[in-house]
Amino acid sequence: MPKQNLTLFASFLVAFITSAVAADKTTAFSRPDLAAATTLRERALADGTAYQLVTSLTTEVGPRPAGSPGDKAAVAWALREMKLLGFANVRTVEAVVPHWVRGEAEFEVLAPWPQAMPTLALGGSIGTGSEGIDADAIMVKDLEALAALPAGAVKDKIVFFSNRMERTRDGSGYGKAVTVRATGPSAAAALGAVGVVIRSISTSDQRFPHTGGTRYTINSPRIPALAISNPDADALVRQFESGKQVRLRMKSSSRDLPQVRSASVVGEIPGTDLAQEIIILGAHLDSWDPGVGALDNAAGVGIMMGVARLIAGLDVKPRRTIRVVLFANEEFGTSGSLAYVAANEAEIDRHVLGFEADFGAGPVWRLSSRVNPAQLPAVDQIYRALAPLKLARGGNDARGGADLDALSKLGMPILEPNLDGTKYFDIHHTANDTLAQVDPDALRQSVAAYGVTVWLGAQYPGKWERVITPKPPRR
Ligand SMILES: [Zn+2]
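Bear in mind that the values here come from a model prediction, so they are computed numbers and not experimental data.

*Asks:* Can you explain the pattern of salt bridges? Please cite residues and give values.
*Replies:* Using the criterion set out here, one finds 26 salt bridges in the structure. Residue Asp234 pairs with Arg199 through a salt bridge whose shortest N-O separation is 2.9 Å. Here the residue Asp234 occupies a position in helix H8 (residues 230-241), and Arg199 occupies one in strand E7 (residues 195-199), the gap between them amounting to 35 residues. Residue Asp234 is classed as partly exposed on the basis of its relative accessible area of 23%.

*Asks:* Can you explain the coordination of the zinc ion? Please cite residues and give values.
*Replies:* In ideal tetrahedral geometry, four donors around a metal make angles of 109.5 degrees, whereas ideal octahedral geometry with six donors gives angles of 90 or 180 degrees. Those protein atoms acting as donors to the zinc ion are His284 (NE2), Asp296 (OD) and Asp358 (OD), and they sit at 1.9 to 2.2 Å. Written as a sequence motif, the donor residues of the zinc ion are H-x11-D-x61-D. Of the two residues, His284 is situated in strand E11 (residues 274-284) and Asp296 in helix H9 (residues 294-312); the sequence distance between them amounts to 12 residues. Of the two residues, His284 and Asp296, neither departs from the other in class, the shared state being buried.

*Asks:* Help me get a handle on unusual backbone geometry, residues and values and all.
*Replies:* The amide bond that connects Ala111 to the next residue, Pro112, takes the cis arrangement and shows omega of 5°. Structurally, Pro112 can be placed in the loop between strand E2 (105-111) and strand E3 (115-117). Cis geometry marks the peptide bond from Asp296 to Asn297; its omega dihedral reads 10°. The backbone of Asp156 sits at a positive phi, close to 60°, despite the residue not being glycine. One can find Asp156 in the loop between helix H5 (143-147) and strand E6 (158-161). The partly exposed category is assigned to Asp156, whose relative accessible area is 48%.

*Asks:* Can you lay out the environment of Arg43 for me, pointing to particular residues and giving the numbers?
*Replies:* The residue Arg43 is located in helix H2 (residues 31-45) in this model. Among the residues examined, Arg43 registers a relative accessible area of 39% and is labelled partly exposed. Leave out the neighbours within four places in its chain, and Arg43 touches Leu310, Gly313 and Leu314.

*Asks:* With reference to specific residues and values, describe the packing of helix H3 (residues 49-61) against helix H4 (residues 69-84).
*Replies:* Taken N-terminus to C-terminus, the directions of H3 and H4 make an angle of 145°; their axes are 10 Å apart at the nearest point. The handedness of the crossing between H3 and H4 is right-handed. Note on element contacts: H4 touches H3 through Gly70, Ala73, Ala74, Trp77, Arg80 and Glu81, opposite Leu53, Ser56, Leu57, Glu60 and Val61.

*Asks:* Give a detailed account of the sheet that holds strand E5 (residues 133-140), specifying residues and quantitative values.
*Replies:* Strand order in the open sheet formed by eight strands is E3-E2-E9-E5-E6-E7-E8-E4, with mixed pairing between adjacent strands. Edge positions in the sheet fall to E3 and strand E4 (119-121), since each has one partner strand and no second. Direction aside, the axes of adjacent strands within the sheet are offset by 30° on average. Judged from the four bridges that link them, E5 and E6 form a sheet pairing that is parallel. When the sheet's bridge partners are listed, Met139 is paired in E6 with Phe160. Packed on one face of the sheet, helix H7 (residues 179-190) meets E6, E7 and strand E8 (225-228) and runs near 150° to E7.

*Asks:* Lay out H3 in plain terms, naming residues and giving numbers.
*Replies:* In this model H3 runs 17 Å from its N-terminal to its C-terminal C-alpha over 13 residues, within 8% of the 18 Å that 1.5 Å per residue would give. For H3, the set of buried residues is Thr49, Ala50, Leu53, Val54, Ser56, Leu57, Thr58 and Val61. Just beyond H3, the residue with positive phi is Gly62, at close to 75°.

*Asks:* Outline the environment of Val265, listing residues and values.
*Replies:* Structurally, Val265 can be placed in strand E10 (residues 255-269). Separated by 215 residues in the primary sequence, Val265 and Ala50 have C-alpha atoms spaced 17 Å apart. With residues near it in sequence (within four places) discarded, Val265 still touches Val75, Ala78, Leu79, Met82, Arg91, Thr92, Leu285, Val324, Val325 and Leu326.

*Asks:* Account for helix H11 (residues 376-385), naming residues and giving values.
*Replies:* Within H11, the full set of buried residues consists of Ala378, Val379, Gln381, Ile382 and Ala385. Looking straight down H11, one finds its buried side chains confined to an arc of 155°; they lie on one side.

*Asks:* Break down the side chain of Asp33 for me, citing the residues and quoting the values.
*Replies:* Here Asp33 lies in helix H2. Buried and unpaired, Asp33 has no salt bridge, with Arg319 as the nearest side chain of opposite charge at 6.2 Å. Excluding residues within four positions of it along the chain, Asp33 makes contact with Val316, Trp455, Leu456 and Gln459.

Definitions and limits used
Residues numbered from 1 in each chain as written. Predicted model: local features only at pLDDT ≥ 70, side-chain atom pairs only at ≥ 80, totals over all residues. Heavy atoms only, no water. Salt bridge = Lys/Arg side-chain N within 4 Å of Asp/Glu carboxyl O. Helix = DSSP H or I, 4+ residues; strand = E, 2+ residues; numbered from the N terminus. Buried < 20%, exposed > 50% of the residue type's maximum accessible area, 1.4 Å probe, protein only. Donors = N, O, S within 2.8 Å, 3.2 Å for Na, K, Ca; no water. Contact = heavy atoms within 4.5 Å. Axes fitted to C-alpha atoms, helices over the stretch in contact; angles between N-to-C directions. Left-handed = near helix turned anticlockwise from the far one by under 90°. Pairing = 2+ DSSP bridges. Expected span 1.5 Å × (residues − 1). Arc of directions from axis to C-beta. Lys, Arg positive; Asp, Glu negative; His and termini not counted.

Structure below.
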């Protein structure tokens, strides 16, 4: 390159860089805010608060399905712990929740080769009555296969859904497989079936059946529904593949009691000059009952409370208000988050940015978002501040968790530090969801990733604009 061209090129480069910096100046994070992000990250990586909270919730409360005594104890636990951590404006937001009682369940192959298998009733399933149900069985892969059967094929039979969920890091395998659990019992009942058993919506090869909510439709009879573990489902498939008639027995004393009042629990780190704007940190407080809800979702509770506590401990105060909301009843209809939205109807637009933790104990491996495209440069800046944690950069297509679904449909932007879900569905909703599954190092790393992201979200010098593109269906 000739010398004068080189000089011209250099001056262009200087002009370009100068203008880029100038254009960015109004929305660039300040040096003190970036320095505080570094402090926050370093403290989080050495902080045991989240793990202590997970330990306390799983030990002192344990299982806490909606409507149960554990649910009530969890609300009292959250109020106490938030006050102990020094959160402001600690309060409850009332929610009406279902009160389904699991009871005992039994599952047996009667023919061709008899054996009993461990089972769990699907959440919300009706019971069988004390005599149980003995019936010939038919195996179908999924809902499409059920719909393709000739008329009368499942009449008076027990339907076994055999489809296996796929293991993925982002949890997308669950979304694809879970419709069988949610709608399979009603779909089979509409065709005359008397009971349903599903292969657990799980990636585990251990003998832990996996529960989770089912949803009866109003226009077909309600029939009992159970789940068996992957290895037992494999064994049952082999019985069907023998070509001999399979006969099954199911028995369950599950039952519905009247709905009860529970509550979401709220606590805040008040903001300063932008205190009217709320950064919401959501995690659900309830759990299913076979385990103690360590990964699902004491971990999310610990991450969010740990983040808020670390932010409160910084020398600089947040500009926007950090509001932790521990939602009631995510697992069986999200009535807690729906009640929260209804109770806060007048101030929905003050919820300027949302975070949710409901996908285990980490580590965080990627940063995704669902923000107005005008704020993508801010997400880039936050991503750069996370560089020491070596995360991948996700797209602007984050779907968020179930509890922020209503708020994000109303246009609230979401930042999503993605928790690694590769092994999550080995444990989720099983008796094996205990503290032993939580890796303290991964949990600390998750608090660090969430912490930096939440902090900078609260300090953003620009305006978090609403998201106006329609929201894709949640996984
Ligand atoms: Zn959950």
